[in-house]
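# Coordinate inspection notes
Spelled out from the first residue to the last, the chains are:
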Amino acid sequence: MALTTAMDVETAHRILASVPHVRRFPVGHLRPPTGLIPSFVRSVGELEFVLAPRSDSLPGVHMERLAAWIEHDVGDPAGAAEVRAAAAAAPSYVDACVAVYERIRDRVASARHALESAPQVQAPERRA
Amino acid sequence: MAQDPARSEGASRRAFLAASAATGCAVFAGPGVLLADGRFVIPNSAGFLVVDTKKCQGCGTCMMACSLAHTGRASYTLSRIQVLQDSFARWPDDLALAQCRQCQNAPCVEVCPTGANHADAKFGHVRRIDQSLCIGCKSCVAACPFTPDRVQWDHGGRKAQKCDLCAETPYLDAPGGPDGVQACVRVCPVGAIAFVREMPDQTREDSYQANLRDWVWKRLGMTMEK
Amino acid sequence: MALYGYAGKILRLDLTAQRATEIDTAKYRSWGGGHGLGSALFWEFCKDKTIKDGRNPANVIVVASSPLNGTLVPSAGRSEVVGVGLGMYPYSWYTRSGFGGRFGTMLRQAGFDAIVIEGRASSPVWVDVRNRKVVFHDASALWGTDTQTAQERIWAQMGVPRGTDTGWWDLNASAAEALDPATDQGRTTQKPAILTIGQAGENQTGGGGLVHDAGNIAAVAGFGGVWGSKNLKAISVIGTGEIPVADAKALLRARQVTKEKYVSDLQQPDFAAWTKIGKQPKLMAMVPPPTDEFRPQACQGCISGCRARYSVGYGSETKCQVTSWYFAPSRRVAKSSQELIEINLRAADAAQRYGINTYFAITGLHWLEHLVEEGVLGPGKAIPSNLPWDKYGTLEFAEKLIHALSCREDIGADLADGWVQAAHKWGRAEDLRTGHMAFSYWGQPDHGYDPRAEVEWGYGSILGDRDICEHCFNIIFTNITSSFAFAQPMRIQAKDLVGIIAEKLSPYAKNRPEVLDYGDENMYSENVAQLVRWHRHYTRFYKQSALYCDLRWPDFYNTNTPDNRGATASDDAGEHVWWNAVTGDTLSFDDGIEIGRRIWNLDNAIWTLQGRHRDIVHFAPYIYETHFEKGELFPFYMWPCRDEQGQWVYRDIMGRTMDRRKFEEFKTSFYRLEGWDTASGWPTRATLEGLGLREVADTLEAAGRLGKERA
């Protein structure tokens, strides 16, 4: 796991906070042979669970849209760029899921680290 | 719940054998031998069923196959292997498989007054009840020391029956018995029942439990641990 | 003449008089079992078929088994429930739900093929069935208990020992009874199979289901609420009987053929095989297992169990959507995967215990969250709710929500009678236009397979009585999409795939692969209408009457076989082969489809009496007014289509909408093919009489609702 040591507190807030419901990001969950469940996330942190590799199911995440969501709704353009790069370099959708998962996982860990290192900062609130 | 009236001691044949043995004779008692020291000895079965109760999926297909192969009818009561479940219990205590152990010193054979229940030499000495000789006394039912007892009571036909390793299965299109096919082994979707030649330890109750799980099981997400 | 495959008797329970009578199954033999048997019984015994609310005392509920239950036919162990449902919109149709486990098998060994439930008890009762002996018991002490407690207490009351270290249970009341050949009831090692309601049913909610054992629930349609309205808490069945089959040798042989030919080898399995019946017993849960200490747990006769019983003491026997109804909220609070799994499986347990349908949560939970976010739902809001929304995502909130929905408390008071009804009451009808409330048909949530994309699912649901929940063709999508996602070669190319399937779509679409073109140009065509017809008729007989499980059947294609052909309609292990081996019938595969058509027409006759007309056969507005967007569910949605050159390809069909006018044309096409009046959707006399249903035609005519013949 690679922490971004230089993450600022404001960015960390944005990554860990929930966006309003109307700006949620749709995801799906495909569990062959018969399970396809629509869902959504409202924070980058939730994506860790969505994208965590599993042997028996696939997450349903549109990577282009995800990057756009992270950039514009979450407000983390650097994170969005990482997602775009990881997805573009992947030879398959599943490889993209794994690669993006790793970026998301690292980004969330960095955000938590950034906030832990600044103990005076309030817990993130929901953004308008 | 009514008490099973067949659970009573004593079989005159046993008493006769015991009395004869007391004279110092080893008495040949039909298919068995009663030794002077009181042990009843019959030839060992040529095969046994072992089960992996941690693997069984509780589908009851073995019970269906057993009754169908022997009688042409689907019945759990007439199945010679039983699957017991408690839906609200935790694994592995939620399920038990009760197969006949083809005991070395089979009490059910020993007590049979007519010799219906015998070690059948034609079928590798499997402990089998000859329906034409069974008088429905239920002595064998009472004699089985295991819970549930491994002898079934056919309440319609008024006879006892038990696992014969598919020696007499008119509806199975392959020969049964220790040298042939066992319907339950064959049909089990997960391979939780196995036929073995080596007799399990007769002094331990758990010796008929086997670990039949392998790398495939592990790959499916389930433990291979004993 | 022997009635092979049947117990031979049907149990009628008159709850009003607390009286049990028997009728012979033979009269209903031509309807098969399960749903067909249920529809025939409903038609005969429901004296007012115009009712639109399942709580009407005139409602009749049938719980039916199939001749195949308990005879080792692979994955044919389920049970079927039919009757007028509850909580649907605008009407609660005569409808169906199914559940697995061991109830159907044990019902037959207890001596009955089906149970007809009529009337209404004056106070709570439970019914004890042992080898055709039926006793009504006072259920006052059970009323208010959850489904597990109810079953455990009934076992205790019957003297059933717990655990598995138990012996034979003698069903005789006395030693004398056991000794008399005329009265000896025999012994069993099995525990009674119980079907019960929890609080969701007792409070007559539209989400109330019928629960059996730990995790089998007939959830859709509100039958639990119907039982609650009848003061029926539970039915217990146990027996020592036997079912004669016509050809046991053929049965055993076909089972062996299935295992050797159609199922992946246990020693060297193909884990990625394209098949339904040939899969290994893989847990079908949406969350990973909480431990590796579990067994697969199967319904009776199943060839590949899909559930589990764990060592951890929660989540047992529950599967699929129920295991993830709370997925989205729980992701907000869980600190680890293990915590996420536990929250979801315990939330599933809560639903099973209360006996409530969790399908509302697929899209309904998001809708509630939307309302909270909008500021219209919550403490002191326009839609008042004192649920702890600040703890949304925790197990505590999940349990409180389930309690509220089950007990008509808080927002549950309005939602209990139907979610779409509540939306109207709350002034939120607009959400059905925007898709914030994605309840696509008959007041039921979108299953996940949007009608604009997977057309046979949407059409089948709206032209019938409920969300179909039949994954017959859906497997195509998951196989293709998984391969695409992993950038793996397709195991079967599109042209071959549709060709193999079309071989089996007999009679309407046999060797007509064009019916499987999911492309935009084909979605309103007569081709698709034929596909939908086939699907409705196949499922009405083979899956809902013969009770072949949706997870394992149909097996159209199967990469375990040399030619990739699956077991469905095959000569060695096809659905009709098993049926004939058990019953002694000589059905062809097509004969089964025709029986399904007959059942489907009888059902439409019931809907017609209830008030069905084509003018109300419409999807929710958002299906027509919005598009199914990329990324909404999955980044791609791959189905076989013909390209511009007529070549078969796998294509992403995201981004579509449903054209209302073209859907009207599709309905006309479908009705015409079914032999129904295209002006109304009602069956015609010619069609009904052609199916031997003259009396049904007479009834419709007397009600002024018989379809006019085509000029």
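Residues numbered from 1 in each chain as written. Chains lettered and ligands numbered in written order. Predicted model: local features only at pLDDT ≥ 70, side-chain atom pairs only at ≥ 80, totals over all residues. Heavy atoms only, no water.

### Let's talk about the overall build of chain A
Helix and strand counts for chain A stand at five helices and three strands. Beginning at the N terminus, the succession of helices and strands in chain A can be written as α-β-β-α-β-α-α-α. Here chain A, with 128 residues, has 57% of them falling under the buried criterion. By sequence separation, contacts in chain A at least 24 residues apart represent 68% of the contacts at least 6 residues apart. Summed over its atoms, the accessible surface of chain A is roughly 5,400 Å², and 52% of this surface lies on carbon and sulfur atoms. (Helix = DSSP H or I, 4+ residues; strand = E, 2+ residues; numbered from the N terminus. Buried < 20%, exposed > 50% of the residue type's maximum accessible area, 1.4 Å probe, protein only. Contact = heavy atoms within 4.5 Å. Areas by Shrake-Rupley, 256 points an atom, 1.4 Å probe, with all protein chains shown as cover.)

### Notes on the overall build of chain C
Check the secondary structure of chain C and you find 24 helices and 21 strands. Relative to the compact-globule value of 27 Å for 711 residues, chain C shows a C-alpha radius of gyration of 24 Å, a close match. C-alpha extents for chain C along the principal axes are approximately 80 × 65 × 65 Å. Here chain C holds 711 residues, and the buried ones make up 69% of them. (Rg over C-alpha atoms; globule rule 2.2 N^0.38 Å.)

### Quick word on empty space enclosed by the protein
Where empty space is left can be seen by rolling a probe of water-molecule size over the atoms. Residue and element names in this part refer to chain C. One pass over the full model with this rule turns up 16 cavities of 30 Å³ or more. The wall of the largest cavity is formed by 43 residues, among which Arg78, Gly98, Lys319, Tyr359 and Cys469 lie closest to the centre. Considering each element in turn, the lining of the largest cavity owes the most residues, four residues, to strand E5 (residues 94-99). Among the residues making up the lining of the largest cavity, the classes are represented as 17 nonpolar, 16 polar and ten charged. Its boundaries defined by the atoms lining it, the second largest cavity holds a volume of some 340 Å³. Lining the second largest cavity are 25 residues, and of these Gly206, Gly207, Asn357, Phe360 and Trp419 sit closest to its centre. (1 Å grid on protein atoms, 1.4 Å probe; cavity = no way out; pocket = protein on both sides within 12 Å on 5 of 7 lines; lining within 4 Å. Points joined across faces, edges and corners; volume = space filled by probe spheres on them. Nonpolar A, V, L, I, M, F, W, Y, C, P; charged D, E, K, R; others polar.)

### Thoughts on the side chain of Asp643 of chain C
Locating Asp643 of chain C in the fold gives a position in the loop between strand E20 (638-642) and strand E21 (648-652). In this structure Asp643 of chain C touches Val649 and Arg651 of chain C, once residues within four positions along its chain are discounted.

### Focus: helix H1 (residues 34-45) of chain C
Note on helix geometry: an α-helix contains 3.6 residues per turn, so any two residues three or four positions apart are oriented the same way. Compared with an ideal rise of 1.5 Å per residue, which puts twelve residues at 16 Å, H1 of chain C spans 16 Å between its outermost C-alpha atoms and is within 8% of the ideal. Most of H1 of chain C sits out of view: eleven of its twelve residues are buried. (Expected span 1.5 Å × (residues − 1).)

### Some details on the interface of chain A and chain C
Opposite the 38 residues of chain A that make contact, chain C presents 49 residues. Taken together, the two surfaces of chain A and chain C that pack against each other cover about 3,700 Å², and 65% of this comes from carbon and sulfur. Its largest share of buried area at the contact with chain C, chain A owes to Thr34, Leu36 and Phe49 of chain A, together 20% of the area lost on that side. Scanning the region where chain A abuts chain C turns up 13 residue pairs in polar contact (both at pLDDT 80 or more). Where the side of chain A that touches chain C is concerned, the elements lending two or more residues are strand E1 (25-31), strand E2 (35-41), helix H2 (44-51), strand E3 (58-60) and helix H5 (93-116) of chain A. (Buried area = accessible area lost by both parts, 1.4 Å probe. Polar contact = N/O pair within 3.5 Å; in protein donor to acceptor, adjacent residues only side chain to side chain.)

### Remarks on the interface of chain C and chain B
Tallying the contact residues gives 83 residues for chain C and 69 residues for chain B. Between chain C and chain B lies a buried interface of about 6,200 Å² when both sides are counted; carbon and sulfur atoms form 55% of it. Connecting chain C to chain B are seven salt bridges. Here Asp184 of chain C and Arg158 of chain B are joined by a salt bridge, their closest N and O atoms 2.7 Å apart. At the boundary of chain C and chain B, one finds 33 residue pairs in polar contact (both at pLDDT 80 or more). Ranked by the residues each element gives to the side of chain C that touches chain B, the list is headed by helix H7 (residues 248-262) of chain C, at eight residues. A class-by-class count of the residues in the side of chain C that touches chain B yields 30 nonpolar, 32 polar and 21 charged. Two elements, strand E5 (residues 73-74) of chain B and strand E15 (residues 243-244) of chain C, share two bridges in a ladder whose sense is antiparallel. From the neighbouring strand, Arg73 of chain B faces E15 of chain C, where its bridge partner is Pro244 of chain C. (Salt bridge = Lys/Arg side-chain N within 4 Å of Asp/Glu carboxyl O. Pairing = 2+ DSSP bridges.)

### Side note on the pairing of strand E14 (residues 232-238) of chain C
Residues and elements named next belong to chain C. In terms of burial, E14 is a largely internal element, seven of the seven residues being buried. As paired strands, strand E7 (residues 125-130) and E14 are joined by six bridges and run parallel to one another. The residue bridging Asp128 from the neighbouring strand is Ser236, located in E14. By the bridge criterion, four bridges tie strand E11 (residues 193-196) to E14 in an arrangement that is antiparallel. Note on E14: the bridge partner recorded for Ala193 is Val237.

### Things to note about the environment of Trp274 of chain C
Residues and elements named next belong to chain C. Mapped onto the elements, Trp274 comes out in the loop between H7 and strand E16 (294-297). Here the alpha-carbon distance between Trp274 and Met490, two residues 216 residues apart in the chain, equals 9.8 Å. Ignoring any residue separated from it by four or fewer positions in sequence, one finds Trp274 in contact with Asn479, Ile480, Ser483, Met490, Arg491, Ile492, Leu497, Tyr557, Asn558, Thr559 and Tyr650.

### Structural notes on the nonpolar core
Note on soluble globular proteins: their nonpolar side chains tend to be buried together. In terms of nonpolar packing, the biggest core is built from 299 residues, with Ile235, Trp325, Tyr459 and Phe473 of chain C touching the most fellow members. Sorting elements by how many residues they give to this core places H5 of chain A first, with twelve residues. In contact with Phe473 of chain C, not counting residues within four places along its chain, are Glu454, Glu456, Ile501, Leu505, Leu516, Tyr518, Leu531, Trp534, His535, Phe556 and Trp639 of chain C. Of all hydrophobic cores here, the second largest spans 18 residues; its members include Cys112, Ala116, Phe146 and Ala160 of chain B. (Core = buried A, V, L, I, M, F, W, Y, C linked by side-chain atoms within 4.5 Å.)

### Some remarks on the sheet that holds strand E1 (residues 9-14) of chain C
Residues and elements named next belong to chain C. Read from one edge to the other, the open sheet built from six strands follows the order E2-E1-E6-E3-E4-E5, with strand pairing classed as mixed. Both edges of this open sheet fall to strand E2 (19-24) and E5, since each of them pairs with a single strand only. Adjacent strand axes in the sheet meet at a mean angle of 20 degrees, parallel and antiparallel pairs treated alike. With six bridges connecting them, strand E4 (residues 79-84) and E5 associate as antiparallel partners. (Axes fitted to C-alpha atoms, helices over the stretch in contact; angles between N-to-C directions.)

### A short note on unusual backbone geometry
Here the bond from Thr147 of chain B into Pro148 of chain B is cis, since omega is -5 degrees, no more than 30 degrees from zero. Within the secondary structure, Pro148 of chain B sits in the loop between helix H4 (139-143) and strand E10 (151-154). Following Tyr89 of chain C, the chain continues to Pro90 of chain C via a peptide bond in cis, the omega torsion being -5 degrees. The phi torsion at Asn511 of chain C lies on the positive side, around 55 degrees, for a residue other than glycine.

### Focus on the confidence of the model for chain A
The share of residues in chain A with pLDDT of 70 or more is 88%, and the mean pLDDT across the chain is 87. Within chain A, helix H4 (residues 77-89) of chain A carries the highest mean pLDDT (96), whereas E2 of chain A carries the lowest (82). (pLDDT = per-residue confidence, 0-100.)

### Observations regarding the packing of aromatic side chains
Residue and element names in this part refer to chain C. Counted according to the given criterion, the structure contains 47 aromatic pairs over all chains. When the ring of Trp367 is compared with that of Trp419, the centres are 6.2 Å apart and the planes differ by 50 degrees; the resulting orientation is tilted. Of the two residues, Trp367 is situated in helix H10 (residues 360-374) and Trp419 in helix H13 (residues 419-425); the sequence distance between them amounts to 52 residues. Of the two residues examined, Trp367 and Trp419, each falls in the buried class. (Phe/Tyr/Trp six-rings, centres within 6.5 Å; stacked < 30°, edge-to-face > 60°.)

### Overview of the packing of helix H18 (residues 526-543) of chain C against helix H22 (residues 660-674) of chain C
Residue and element names in this part refer to chain C. Across the interface, H18 lies against H22 with an axial gap of 9 Å and an inter-helix angle of 55 degrees. The orientation of H18 relative to H22 falls into the category oblique. Every pair of crossing elements has a handedness; the one defined by H18 and H22 is right-handed. On the side of H18, the interface is formed by Glu526, Val528, Ala529, Gln530, Val532, Arg533 and His537, while H22 contributes Phe666, Ser669, Phe670, Leu673 and Glu674. Here the residues of the contact of H18 with H22 are counted per class, giving six nonpolar, three polar and three charged. (Parallel < 35°, antiparallel > 145°, perpendicular 65-115°, else oblique. Left-handed = near helix turned anticlockwise from the far one by under 90°.)

### Considering the pattern of salt bridges
By the definition in use, this model includes 73 salt bridges over all chains. Residue Arg309 of chain C is joined to Asp94 of chain B by a salt bridge in which the shortest nitrogen-to-oxygen separation is 2.7 Å. Within this pair, whereas Arg309 of chain C is found in strand E17 (residues 307-310), its partner Asp94 of chain B is found in the loop between strand E6 (81-85) and strand E7 (95-99), the two belonging to separate chains. Here Arg309 of chain C matches Asp94 of chain B in class, with each residue buried. A salt bridge links Asp465 of chain C to Arg540 of chain C; the nearest nitrogen and oxygen atoms lie 3.1 Å apart. A residue pair is termed long-range when its members are at least 10 positions apart, and Asp465 of chain C in the loop between helix H15 (455-463) and helix H16 (474-485) and Arg540 of chain C in helix H18 qualify at 75 residues. Across this residue pair, the class does not change: Asp465 of chain C and Arg540 of chain C are buried.

### Focus: the packing of H15 of chain C against H18 of chain C
Residues and elements named next belong to chain C. At their nearest, the axes of H15 and H18 sit 10 Å apart, and the two run at 65 degrees to each other. Relative to H18, the crossing made by H15 is right-handed. Every residue of H18 that contacts H15 at Val455, Glu456, Tyr459, Gly460 and Leu463 is listed here: Val528, Leu531, Val532, His535 and Arg536.

### Details of the sheet that holds E1 of chain A
Residue and element names in this part refer to chain A. The strand order across the open sheet formed by three strands is E2-E1-E3, and the pairing between neighbours is antiparallel. Edge positions in the sheet fall to E2 and E3, since each has one partner strand and no second. Geometrically, the sheet is characterised by an average inter-axis angle of 25 degrees between neighbouring strands, direction not taken into account. Alignment of E1 against E3, held across three bridges, turns out to be antiparallel. Within the sheet, the bridge partner assigned to His29 lies in E3 and is Pro59.

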